[in-house]
Amino acid sequence: MGHNSGVDGEQDEFYRVERAFLGQVTRFDYVNFADQHFAGLESSVLYPLFEQCSVPSWILSRQGGRFLGGVFGGRPLLDEGALERFHANYELAQQFEFYEVWRCRKPSNAASAAGQPVK
C-alpha cells in the first residue's frame, strides 16, 4: 500500500482510482484514498474490498500505525467498521524490519480476486 513512483508512474493515476470504484481493483492507492477520505468520502466504500479479499495481500508500514494518514497529522483513514472487516478477513503473514505483509484468510477468495483458479 503506497503511492506509485518511478518514471511515468503518474500516467495511469486517474484511471486507477476510477477502476477501484468500479470494483476492478488491482492495487490500492493510499495517497488518493487519503485525499478523498479527508474531503468527505466515507471509509465504508472500502468494506467490500476487505470482505471480498479483493486485494490478496497488503504491504503495510510498521511505523506510525496501520492505516493512519501520516500526511494529515496521523488521523485515522479507516473507521472501526473498516478495521474490523480488515482484521476479520486478513491475517499477518510476515514481518520485516520496516514492513509487514497481510494476506487474505480465505485462500479461495484471494485466488479468485487475483484471477487465479481456485484449488
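Residues numbered from 1 in each chain as written. Predicted model: local features only at pLDDT ≥ 70, side-chain atom pairs only at ≥ 80, totals over all residues. Heavy atoms only, no water.

### Side note on the overall build of the chain
- The secondary structure content of the chain amounts to 5 helices and 5 strands.
- Along the chain direction, N to C, the helices and strands of the chain fall in the order α-α-α-β-β-β-α-β-β-α.
- Expressed as a percentage of the 119 residues in the chain, the buried residues total 30%.
- Element-wise, carbon and sulfur atoms account for 51% of the exposed surface of the chain, whose accessible area totals about 7500 Å². (Helix = DSSP H or I, 4+ residues; strand = E, 2+ residues; numbered from the N terminus. Buried < 20%, exposed > 50% of the residue type's maximum accessible area, 1.4 Å probe, protein only. Areas by Shrake-Rupley, 256 points an atom, 1.4 Å probe, with all protein chains shown as cover.)

### Examining the confidence of the model for the chain
- Chain-level pLDDT for the chain is 74 on average; 59% of the residues reach the 70-or-more range.
- When mean pLDDT is taken per element in the chain, strand β4 (residues 90-95) scores highest with 95 and helix α5 (residues 107-113) scores lowest with 50.
- Taken as a whole, residues 109-114 scores under 50 in pLDDT and shows 14 contacts with residues more than four places along the chain or in a different chain. (pLDDT = per-residue confidence, 0-100. Contact = heavy atoms within 4.5 Å.)

### Considerations on the pairing of strand β5 (residues 99-104)
- Of the pairings in the sheet, the one linking strand β1 (residues 57-61) to β5 comprises 5 bridges and is antiparallel in character. By the bridge assignment for β5, Leu 60 is matched with Glu 100.
- Bridge analysis of β4 against β5 gives 5 bridges, and the strand direction is antiparallel. For Tyr 90, the partnering residue across the bridge sits in β5 and is Cys 104.
- Turn length for the β4-β5 hairpin, with the two strands adjacent in sequence and antiparallel, is 3 residues. (Pairing = 2+ DSSP bridges.)

### Quick notes on the pattern of salt bridges
- Applying the stated rule across the entire model yields 4 salt bridges.
- Residue Glu 51 is joined to Arg 85 by a salt bridge in which the shortest nitrogen-to-oxygen separation is 2.7 Å. Here the residue Glu 51 occupies a position in helix α3 (residues 47-51), and Arg 85 occupies one in helix α4 (residues 80-89), the gap between them amounting to 34 residues.
- When the shortest N-O distance is used, the salt bridge between Arg 62 and Glu 100 registers 3.8 Å. Separated by 38 residues along the polypeptide, Arg 62 in the loop between β1 and β2 (68-69) and Glu 100 in strand β5 bring together distant segments of the chain.
- Given a relative accessible area of 3%, Glu 100 falls into the buried group. (Salt bridge = Lys/Arg side-chain N within 4 Å of Asp/Glu carboxyl O.)

### Comments concerning the side chain of Glu 100
- In this structure the side chain of Glu 100 is engaged in a polar contact, spanning 3.3 Å, whose partner is the side chain of Gln 95.
- Looking at Glu 100, its side chain comes within polar contact range of the side chain of Trp 102, at 3.0 Å. (Polar contact = N/O pair within 3.5 Å; in protein donor to acceptor, adjacent residues only side chain to side chain.)

### Overview of a nonpolar patch on the surface
- A surface patch of nonpolar side chains, about 320 Å² in accessible area, is lined by Ile 59, Phe 98 and Tyr 99.
- You can see Ile 59 is positioned in strand β1.
- Classification of Ile 59 by relative accessible area gives partly exposed; the value is 44%. (Patch = residues over 30% accessible without salt bridge, like charges linked within 9 Å, V, L, I, M, F, W, Y side chains within 5 Å.)

### A few points about α4
- Taken as a whole, α4 has its buried residues at Gly 81, Ala 82, Phe 86 and Asn 89. Each buried residue of α4 lies within a common arc of 135 degrees when the element is viewed along its axis, so the set occupies one face. Opposite the buried face of α4, by more than 90 degrees, sit the exposed residues Glu 80 and Glu 84.
- Where the residues of α4 are buried, they touch α3, β1, β4 and β5.
- The opening residue of α4 is Asp 79, an N-cap whose side-chain oxygen sits 3.2 Å from the backbone nitrogen of Gly 81. (Arc of directions from axis to C-beta.)

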